[in-house]
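Read off the chains here:
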Amino acid sequence: ATFKIGVLGADKKYPDSDSKSIDVKLTTDWTKYEIDLTGLDLSRIKSGFSFIVSGQGASVTFYIDDVRYE
């Protein structure tokens, strides 16, 4: 899975001011993931959190809890 912040690129009329993503392997255990926002330009973030998962033809169920910005 990929978790992202800032997916609207410069090709859009109103892009996000910056972006970052992390790739993770999902498991059956609850796991805390963090995207380090240090040094990013957060002045105009419109897509604050997104994710991409691939089920390779199978359905995928996962749960997200307690998304925070600090």
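Residues numbered from 1 in each chain as written. Predicted model: local features only at pLDDT ≥ 70, side-chain atom pairs only at ≥ 80, totals over all residues. Heavy atoms only, no water.

Chemist: Just checking my understanding: could you explain the layout of surface pockets for this structure?
Modeler: Regions of empty space are outlined by a rolling probe, equal in size to a water molecule, passed over the atoms. For the largest pocket, the calculated volume is near 1000 Å³. In terms of lining, the largest pocket is formed by 29 residues, of which the most central are T31, K32, Y33, D65 and D66. Its residues assigned to classes, the lining of the largest pocket comprises 15 nonpolar, five polar and nine charged. (1 Å grid on protein atoms, 1.4 Å probe; cavity = no way out; pocket = protein on both sides within 12 Å on 5 of 7 lines; lining within 4 Å. Points joined across faces, edges and corners; volume = space filled by probe spheres on them. Nonpolar A, V, L, I, M, F, W, Y, C, P; charged D, E, K, R; others polar.)

Chemist: Mind showing me how you'd approach the confidence of the model for the protein chain here?
Modeler: Low-pLDDT portions of the prediction should not be read for the details of their coordinates. For the protein chain, mean pLDDT is 92; residues scoring 70 or higher make up 100% of the total. Confidence, expressed as mean pLDDT per element, reaches its minimum in the protein chain at strand β3 (residues 50-52) with 92 and its maximum at strand β2 (residues 20-23) with 97. (pLDDT = per-residue confidence, 0-100. Helix = DSSP H or I, 4+ residues; strand = E, 2+ residues; numbered from the N terminus.)

Chemist: Can you walk me through the pairing of strand β1 (residues 2-5) in this structure?
Modeler: Both faces of the sheet carry side chains from a regular strand, because those side chains alternate between them. With four bridges connecting them, β1 and β2 associate as antiparallel partners. Residue pairing for β2: F3 is matched across the bridge by I22. The pairing of β1 with β3 spans three bridges and is classified as antiparallel. Looking across to β3, one finds that F3 is bridged to F51. (Pairing = 2+ DSSP bridges.)

Chemist: How do you make sense of the side chain of D16 when you look at a structure like this?
Modeler: Along the chain, the position of D16 falls in the loop between β1 and β2. Nearest to the buried, unbridged D16 among oppositely charged side chains is R44, at 6.6 Å. (Buried < 20%, exposed > 50% of the residue type's maximum accessible area, 1.4 Å probe, protein only. Lys, Arg positive; Asp, Glu negative; His and termini not counted. Salt bridge = Lys/Arg side-chain N within 4 Å of Asp/Glu carboxyl O.)

Chemist: I tried to follow the environment of L8 on my own but got confused; where do I start?
Modeler: Here L8 is to be found in the loop between β1 and β2. The spacing of L8 and S19 is 11 residues in sequence and 8.4 Å in space, taken between C-alpha atoms. Apart from the residues lying within four places of it in its own chain, the contact partners of L8 are Y14, P15, D16, K46 and S47. (Contact = heavy atoms within 4.5 Å.)

Chemist: Would you mind going over the sheet that holds β3 with me for this structure?
Modeler: Sheet architecture is open: three strands sit in the order β2-β1-β3, paired in antiparallel fashion. Edge positions in the sheet fall to β2 and β3, since each of these pairs with one other strand and no more. Each adjacent strand pair in this sheet contributes to an overall mean axis angle of 20 degrees, direction not counted. (Axes fitted to C-alpha atoms, helices over the stretch in contact; angles between N-to-C directions.)

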